[in-house]
Amino acid sequence: MLPRETDDERRLRKSVATVWRLSVDALREESVVAAQLFELCAFLDPECIPVTLLARLPKAMARSCEWDPAWRGLASMSETDSTAELQRQLAVVHKYSLLEWVEPDESVGMHRLVQQQARRCAGAVGTAERTMRLLGEVLVEAMPIKGGSVPHNFAVEMAAAAELMPHAAALTRHEAEMAPGAAAGWLRVELHEHFAWVYQLRGQLAEAEAGLRRALQMLEKAYADQPNHPDLAATVNNLAGV
């Protein structure tokens, strides 16, 4: 049995939630882009979020009308200017103690409790799905090793993939928590397939099998009336090879 929360613990939890809410409200008032960037980071692994991964967001967000128009401005900049502006927006989030720099200008981290509260709020206002879909798309694009392909430079490409693996795992975990039983899924099939292949190359067969089974579940839903679809057959074949 879990210990009952004491009055002091309850007051502390409510106090932390109040301070968090005031900080986020102030962040949104100062910069909508920074606020949306904060929400996006809440769905990634908290330990080390590469700025190079976040730098892919503007172009992906510019393709959708769901995000603040200011992201289109970032997408129209040069890569150098866009990254510099992204770092400035991250500094705004940092000012409110909602994230920390792990490596200056290179990666950021977030406290797990801050992430948890941000995800809870995103779920309540209905933005969790769009956030996870976008991050899944960006991770698929960033992945240096695609499902079934043999790395040209094994050490370099596996190292780059390893940097992204915790974020794919975090997204998959959050999807399972926030959309349990959703056969169609919020994430792209390719996300599960690409990262399952990297797990297989690393000898992590249980993780590889779990990713391919999720991909198969999604494909079976998508091709319910086409049981002989080649994508289904390819995933079944990949699963048999694990």
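Residues numbered from 1 in each chain as written. Predicted model: local features only at pLDDT ≥ 70, side-chain atom pairs only at ≥ 80, totals over all residues. Heavy atoms only, no water.

Asker: Mind laying out the overall build of the chain, listing which residues take part and the relevant values?
Answerer: Of regular secondary structure, the chain possesses 12 helices and 3 strands. Here the C-alpha atoms of the chain give a radius of gyration of 19 Å, agreeing with the 18 Å that 2.2 N^0.38 yields for 242 residues. Taking the principal axes of its C-alpha atoms as reference, the chain extends roughly 55 × 55 × 35 Å. Taking contacts inside the chain between residues at least 6 apart in sequence as the whole, the part at least 24 apart equals 68%. Approximately 13000 Å² of the chain is accessible, and the part contributed by carbon and sulfur atoms is 54%. Here the chain contributes 25 positive and 33 negative side-chain charges, whose respective centroids are spaced 6 Å apart. (Helix = DSSP H or I, 4+ residues; strand = E, 2+ residues; numbered from the N terminus. Rg over C-alpha atoms; globule rule 2.2 N^0.38 Å. Contact = heavy atoms within 4.5 Å. Areas by Shrake-Rupley, 256 points an atom, 1.4 Å probe, with all protein chains shown as cover. Lys, Arg positive; Asp, Glu negative; His and termini not counted. Charge placed at Lys NZ, Arg CZ, Asp CG, Glu CD.)

Asker: Explain unusual backbone geometry residue by residue, including any values.
Answerer: With the exception of glycine, most residues fall at negative phi, and the peptide bonds are largely trans. Non-glycine residue Ser97 carries a positive phi angle of around 60°. Mapped onto the elements, Ser97 comes out in the loop between helix H6 (79–95) and strand E2 (100–103).

Asker: Before we move on, can you summarise helix H12 (residues 230–240) with the specific residues and values?
Answerer: Three or more residues of H12 are buried, namely Leu232, Thr235 and Leu239. In an axial view of H12, the angular spread of the buried residues amounts to 70°, which keeps them on one side of the axis. Those residues of H12 that are exposed and angled more than 90 degrees off the buried face are Pro230, Asn237 and Ala240. Check the buried side of H12 and you find it contacts helix H10 (189–201) and helix H11 (205–222). (Buried < 20%, exposed > 50% of the residue type's maximum accessible area, 1.4 Å probe, protein only. Arc of directions from axis to C-beta.)

Asker: How would you summarise helix H8 (residues 128–142) if you had to cite specific residues and measurements?
Answerer: Look at H8: 21 Å from first C-alpha to last across 15 residues, which is about the 21 Å you get at 1.5 Å a residue. In terms of residue burial, H8 counts as a mostly covered element, since 12 of its 15 residues are buried. Regarding H8, the residues found buried are Ala128, Arg130, Thr131, Met132, Leu134, Leu135, Gly136, Glu137, Val138, Leu139, Val140 and Ala142. Considering only its buried residues, H8 is in contact with helix H2 (32–41), helix H3 (51–54), helix H4 (57–62), helix H7 (112–125), helix H9 (154–178) and H10. (Expected span 1.5 Å × (residues − 1).)

Asker: I'd like to hear about the side chain of His194, residue by residue, with values.
Answerer: Inspection of the secondary structure puts His194 in helix H10. Excluding residues within four positions of it along the chain, His194 makes contact with Val140, Met143, Ile145, Lys146 and Gly147.

Asker: Describe the sheet that holds E2, and please don't skip the residues or the numbers.
Answerer: If you trace the 3 strands from one edge of the open sheet to the other, you get E1-E3-E2, paired in antiparallel fashion. What marks the edges here is a single partner per strand, and that holds for strand E1 (49–50) and E2. Relative to strand E3 (residues 107–109), E1 is paired through 2 bridges, and the arrangement is antiparallel. Counterpart to Ile49 in the pairing with E3 is Val108. (Pairing = 2+ DSSP bridges.)

Asker: Give a description of the pairing of E2 that names residues and reports values.
Answerer: Of the pairings in the sheet, the one linking E2 to E3 comprises 3 bridges and is antiparallel in character. Residue pairing across strands places Trp101 opposite Val108, the latter belonging to E3. As consecutive antiparallel partners, E2 and E3 are separated by 3 residues, and within that stretch Asp105 has a phi angle of approximately 65°, a positive value.

Asker: Can you explain the pattern of salt bridges? Please cite residues and give values.
Answerer: The final tally for this structure, using the stated rule, is 10 salt bridges. Residue Arg63 pairs with Glu141 through a salt bridge whose shortest N-O separation is 2.9 Å. Of this pair, Arg63 sits in the loop between H4 and helix H5 (70–76) while Glu141 is found in helix H8, placing the two residues 78 residues apart along the sequence. Arg63 sits in the exposed class, given a relative accessible area of 52%. Linking Arg88 and Glu85 is a salt bridge whose minimum nitrogen-to-oxygen distance equals 3.0 Å. (Salt bridge = Lys/Arg side-chain N within 4 Å of Asp/Glu carboxyl O.)

Asker: How would you sum up the environment of Ala75? Please name residues and give values.
Answerer: For Ala75, the location among the structural elements is in helix H5. In sequence terms Ala75 and Pro58 are 17 residues apart; their C-alpha atoms lie 4.8 Å from each other. Leaving out residues up to four positions away in the same chain, Ala75 has contacts with Pro58, Lys59 and Ala62.

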